[in-house]
Amino acid sequence: MISDKMVKALNVQMNNEFYNSRLYLSMATFFYDINLDGAAHWMEKQAGEETGHAMKLYGHLKERNARILLTEVPAPPTKWASPLAVFEDAYKHECDVTKAFDALVAQAQTLKDNATLNFLQWFVNEQVEEEASVDAVVQKLKMAEKAPGALFFIDRMLGER
Ligand code: FEO
C-alpha cells in the first residue's frame, strides 16, 4: 500500500506538471504574438508533453488506489524580454523539475516504496532529454544574437518539431 506521504508528494508533482503545461502554453502565445510561429509550435508540443507527464502521475496514483487531488494552478508568466529569455527560463525551469524528481526518488527510497521508485525512473530519464532539448535551443539562440537573420532559420527549425 502506498503511504500518505508519497501520495501527497506525487499529487504535488502532478499539479506542478499541469502548471508546466500552462507555462509552455503561455510561452507559445508569447511567440505567436511576436510572429515566431515555429517557436510557438515547439512550445505547444511541449505543453502537450507536460500534460502527458501530469497524466502519467495521475495514472500511477489511480493504479495505487490513492486519492487524487487537483489543486489550484498558479498563472504562468506572460512576458519575456526576448526569445532567448523564454528558452533560458524554460531551461532553468526544467533544471528545477529535475530536482523535484530527484527529491521524489529520495522520498520513495526512504519510504521503501519500490513501485514508486520504479515508476519514477521514466521521469529521471525524461528529464535528461528535457534539459538537453531546451539547452540545445538556448545555444542556437545565443549564436543567433550575433546574426539576427539566423532567428528566421531557427524559428523554421523549431516549427518542424
Ligand atoms: Fe514535465 Fe518538462 O517536465
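Okay, so let's go over this structure. Each chain has its residues counted from 1, running along the sequence as written. Totals for whole chains, interfaces and linings use every residue, but because this is a predicted model, local features are given only for residues with pLDDT of at least 70 and side-chain atom pairs only at 80 or more, for both listing and counting. To obtain the side-chain values, all non-hydrogen atoms of the structure were used and water was disregarded.

1. Overview of the packing of aromatic side chains
The aromatic pairing rule takes the rings of Phe, Tyr and Trp, using the six-membered ring of Trp, and pairs them if the centres are within 6.5 Å, calling planes under 30 degrees apart stacked, those over 60 edge-to-face and the rest tilted. Per the stated rule, a full pass over the model turns up 8 aromatic pairs. Centre to centre, the rings of tryptophan 122 and phenylalanine 123 are 5.0 Å apart; their planes meet at 85 degrees, and the pair counts as edge-to-face. Using a relative accessible area of 36% as the deciding quantity, one classes tryptophan 122 as partly exposed. Their ring planes at 80 degrees and their centres at 5.3 Å tell us that phenylalanine 152 and phenylalanine 153 sit as a pair that is edge-to-face. You can call phenylalanine 152 exposed: its relative accessible area is 53%. A 1.4 Å probe rolled over the protein chains alone gives each residue an accessible area, and that area as a share of the maximum for its type sets the label: buried under 20%, exposed over 50%, partly exposed in between.

2. Description of the side chain of glutamate 131
Helix and strand assignments come from DSSP, with helices taken as H or I runs of at least 4 residues and strands as E runs of at least 2, each series counted from the N terminus. Positionally, glutamate 131 belongs in helix α4 (residues 114–144). Nearest to the buried, unbridged glutamate 131 among oppositely charged side chains is lysine 99, at 8.5 Å. Apart from residues no more than four positions distant in its own chain, glutamate 131 is found in contact with Tyr91, Glu94, Cys95 and Thr98. Neither His nor the chain termini are counted; the positive set is Lys and Arg, and the negative set is Asp and Glu. Salt bridges are identified by distance alone: a Lys or Arg side-chain nitrogen within 4 Å of an Asp or Glu carboxyl oxygen. Note on contacts: a residue pair qualifies if any of its non-hydrogen atoms lie within 4.5 Å across the two residues.

3. With respect to helix α5 (residues 150–158)
Taken together, the buried positions of α5 are occupied by Ile154, Asp155 and Leu158. One side of α5 carries all its buried residues, which in axial view fall inside an arc of 100 degrees. Summarising the geometry of α5, the exposed residues directed more than 90 degrees from the buried face are Phe152, Phe153 and Arg156. In this fold, the buried residues of α5 make contact with α2 (37–63), α3 (83–110) and α4. Directions drawn from the helix axis to the C-beta atoms are what define this arc.

4. Overview of the nonpolar core
Nonpolar side chains in soluble globular proteins tend to end up buried together. By convention a nonpolar core is built from buried Ala, Val, Leu, Ile, Met, Phe, Trp, Tyr and Cys residues, the set being connected through side-chain atoms within 4.5 Å. Ranked by size, the top nonpolar core spans 25 residues in total, and within it Met27, Phe31, Met43 and Phe87 carry the most contacts. Only α1 (4–33), α2, α3, α4 and α5 provide two or more residues apiece to this core. A total of 7 residues in this core trace back to one element, the largest contributor, which is α1. If we ignore the near neighbours within four places in the chain, the residues touching methionine 27 are Met43, Trp80, Val86, Asp89 and Ala90. Core analysis: the next-biggest nonpolar cluster, separate from the first, contains 21 residues, Met6, Phe18, Ala66 and Ala108 among them.

5. Focus on α4
The length a helix should cover is 1.5 Å for every residue beyond the first. End to end, α4 covers 46 Å across 31 residues, agreeing with the expected 45 Å (1.5 Å per residue, within 8%). The bend at a residue is defined as the angle formed between two axes, one fitted to the seven residues ending at that residue and one fitted to the seven starting there. Where α4 bends most, at leucine 120, the angle is about 25 degrees.

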